[in-house]
Amino acid sequence: MQRDKYYETLRHIENRIAELDVETLNQLLEQTFQVKPVRLKWYLIKAQVMLKEGKKVAEIKDFLSDKCAPWYEYDDVEEYFQLFSILSEYDGDLLDSQRYLYQLEKLKYQENIVRKVSEELNALADKILNSKEPDLRDIVRLSELYYISGDIYLYMLWVVVADKVYNAGLEIRSWILEKINVEYFYERLTEKETETFVILSTSDLKENACLLTERALKLLNKFPRVIQDFQKAEALLQEIAEKYSENNLVTVLGSGMAIEELSMSASIKPKLERLTEAQYDYMEDRMAVGRYGDYLSYIARIYKTTREEIEKKLYQKPACRFSIIIPCRNAGETLLYTLKTCLNQTYQGEYEILVSDNSDMSWEKDTPTYRICQEIQSAKIRYIRTPRNLPLAKNFEYAYLHSCGEFLISMGADDGILPWALEELDSIIMEYPDQPVLLWHEAFYKWADVDARIMGGGGKAILQVNHPYMKNSPNINSYNAGELLRKSFETYGVLYYMPQVYHNCGIRREYMQSIYEKCGALWAGGQQDIFMAVVNSILQKNIFMIENLFTITGISNNSIGANARIGNTSLRQIPLAKKMRSTFCQGYRAPSYIERMFPSFGTEMGVLYTAVLCAYALGVVPDEVLNQMEWKSMFERVIPSVSILDVLFDVKWHWMRYVISSHGEELLTWFDNNYFYQRLEPSLVKIQDGQKEDQGDGGESVIIEGKELQVEPHSIDDVYNVSVFLQKVYAGE
């Protein structure tokens, strides 16, 4: 059997690590790297070789960090935890070493370290709860025990107590602060203002943990309220938020299971939101963090302003006819040409081009985006800087709130708008004053230097136009929004006819208010365009499509969505943990239980399905829509997208299996028999680490309405030139 030979080869290499030199070991590993899919065992051996090379423990851990899916026990997961424990001990970090062994025991339902930690925790809890002034040494040890047991938010809480109350000078481990929304929790603990916390005391959370949490919060001069009757939790949360918090917003602490269960109640959506991400089901009895109450108060904290200011921006009267909104992060040179298309308009009225710069905070003020905006020096360009690193959806939300236009259009920093777009839209929105959402057709443009892993094309700039431009065309069709959503479950292309509130769609300013009033939230999804397409297809009975060409959808190396969808064949990829650092600290939506029932992997259909589940979790999508989702067919559409060439295939594949197992034994048996084991069979595929497709000789490819056109060299080498080229084409030049 091929699998047996594969593992036999790996074990042979592992057994010779001590005797062979590093160069020989890496050559042997390189040979086996050609066998796909690459399994967890290969990475574990590579990590041991890295240790022999003298690589730093932090680098080895980064290398291993996203190579395992420890939601359940499968081949080599036990060795994975043991190796992390050894690496931590090697680095002198005994707490981390114990933490990995503790989690391994939880995974395997064993009781050794788990029992000892529990006994020491209980004894220490009794001592602290019965002390008028707890000893600092006891507090430090308590924080250590919480850390070992994976209760990282209680660990944080007590480290803050040690630091703020006892001036102990302790620091929270950086990897925890880098997890999504943990910065929000940290700010709630450390800010000087009185903060209201609600502690959900449930059977899965030990009584001592609740009492200790209450004690710690009081030591920090916070205002903790304990809810013991879970059946009345919803009413009590509302009462506490209204009576005991300034802005109808409280921070919720409770086990992951408790917050998840409560947030699934239809009447509490979307007021209650889990903020910290789920670890693993067997760790869901640990403390998690959520928020309950007013959404505008919540985002005001993220944007470092007041609720009053957010509400003022949301309901302000327009100051100009159009806002072209460009939310971007670390934008490249493509932004320059996008801005030039926005300025090259035949429209003579008032409009603004709002650039929301979400570049990494390490840039401070002088970002590439800022320099490009300064280079153009146009009064129409309004540059704003986000107050902190924001996730993609929150940058869109921040930008829309700061816009001044009556009609709002957004696009990416590699897209474009055609010269006639605003002029014609001006006439259409006057003709249809009651229509809050308008769609139109787009041209598609691939920048020439796009990495072949994102999109092939031999280094060519590619322009494709499927729908022509007809000057002053009044042809507008109405589509049934619900029917479009149902069709999109089977055919992704239908999404281009759905209101994404991105480059294929614009909205009247007051519609943003309607979204908030009907949904209780604004841009709340992970991938904002697909989420908004789903939400608007629920809110709008009919969608108005302008049968004309107004914008250019670009794809470049900076395209966030395109980059998210590609697998990586290179070992030099940035680990997911590093990508998340300082990027999704606040405002990112932690997937709820219902959202975790489908793994998107960044695929187009997967993103759509998870967007539907997210909207359902918020209470926007009704039960009947969810009931129409055929899980087996949905999985069948995304399974082929998980390539065995992807260096993360092993972890993705086991994640897929774990998620499918949550749907029942029948679906799991179908997956195992038809896909799971077959795709794990080793096969030789000769791909070099980091290899890219040949980019070819460059050139241009232009296809308009199915006909290929010959064009002059460099006539479409950027999105601005594309807009000029299409202007000439439709002028008959």
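Residues numbered from 1 in each chain as written. Predicted model: local features only at pLDDT ≥ 70, side-chain atom pairs only at ≥ 80, totals over all residues. Heavy atoms only, no water.

(A) Layout of the overall build of the protein chain. The helix and strand inventory of the protein chain stands at 31 helices and 19 strands. Computed over the C-alpha atoms, the radius of gyration of the protein chain is 27 Å, within 12% of the 27 Å expected from 2.2 N^0.38 for a compact globule of 733 residues. Taken along the three principal axes of its C-alpha coordinates, the protein chain extends 85 × 65 × 50 Å. By residue count, 57% of the 733 residues in the protein chain fall in the buried class. Carbon and sulfur atoms provide 47% of the accessible area of the protein chain, an area that totals close to 31,000 Å². Between the centroid of the 81 positive side chains of the protein chain and the centroid of its 106 negative side chains there is a distance of 2 Å. (Helix = DSSP H or I, 4+ residues; strand = E, 2+ residues; numbered from the N terminus. Rg over C-alpha atoms; globule rule 2.2 N^0.38 Å. Buried < 20%, exposed > 50% of the residue type's maximum accessible area, 1.4 Å probe, protein only. Areas by Shrake-Rupley, 256 points an atom, 1.4 Å probe, with all protein chains shown as cover. Lys, Arg positive; Asp, Glu negative; His and termini not counted. Charge placed at Lys NZ, Arg CZ, Asp CG, Glu CD.)

(B) Main features of the nonpolar core. Ranked by internal contacts, the top residues of the largest apolar core, which has 137 residues, are Trp42, Leu64 and Phe635. Top contributing element to this core by residue count: helix H26 (residues 604-617), with 11 residues. For Trp42, the residues in contact, after removing those within four places along its chain, are Tyr6, Leu10, Leu29, Thr32, Phe33, Phe63 and Leu571. If you look at the next biggest cluster of nonpolar residues, it comprises 51 residues, including Leu339, Met411, Trp420 and Phe544. (Core = buried A, V, L, I, M, F, W, Y, C linked by side-chain atoms within 4.5 Å. Contact = heavy atoms within 4.5 Å.)

(C) Broad picture of the state of the cysteines. Taken as a whole and judged by the stated rule, the model has 0 disulfides. Of all cysteine sulfurs, the one in Cys373 lies closest to Cys342, which takes part in no disulfide; the gap is 10 Å. Owing to a relative accessible area of 0%, Cys342 belongs among the buried residues under this scheme. Cys373 takes part in no disulfide bond, and the closest cysteine sulfur to it belongs to Cys328, at a distance of 7.0 Å. The exposure class assigned to Cys373 is buried, which follows from its relative accessible area of 6%. (Disulfide = S-S within 2.5 Å.)

(D) Spatial organisation of the packing of aromatic side chains. For the structure on display, the rule yields 44 aromatic pairs. We note Lys36 situated over the ring of Phe33; from NZ or CZ to the ring centre the distance is 3.6 Å. If you follow Arg188 out to its NZ or CZ, it ends over the ring of Tyr184, 4.5 Å from the centre. (Phe/Tyr/Trp six-rings, centres within 6.5 Å; stacked < 30°, edge-to-face > 60°. Lys NZ or Arg CZ within 6 Å of the ring centre and 35° of its normal.)

(E) Expanded view of unusual backbone geometry. Across the junction of Lys36 and Pro37, the peptide omega takes the value 0°, indicating a cis bond. Along the chain, the position of Pro37 falls in the loop between strand S1 (35-36) and helix H3 (40-53). The backbone of Asp76 sits at a positive phi, close to 75°, despite the residue not being glycine. As for its position among the elements, Asp76 is in the loop between helix H4 (57-64) and helix H5 (77-90).

(F) Representation of empty space enclosed by the protein in the model. A full pass over the atoms with the stated rule returns 3 cavities of 30 Å³ or more. In this model, the largest cavity occupies a volume close to 70 Å³. The wall of the largest cavity is formed by Glu273, Arg291, Tyr295, Tyr298, Lys394, Ala521, Ala524, Gly587, Arg589 and Leu618. Here the lining of the largest cavity is composed, by residue class, of 5 nonpolar, 1 polar and 4 charged. (1 Å grid on protein atoms, 1.4 Å probe; cavity = no way out; pocket = protein on both sides within 12 Å on 5 of 7 lines; lining within 4 Å. Points joined across faces, edges and corners; volume = space filled by probe spheres on them. Nonpolar A, V, L, I, M, F, W, Y, C, P; charged D, E, K, R; others polar.)

Honestly, it's all geometry; don't read function into it.
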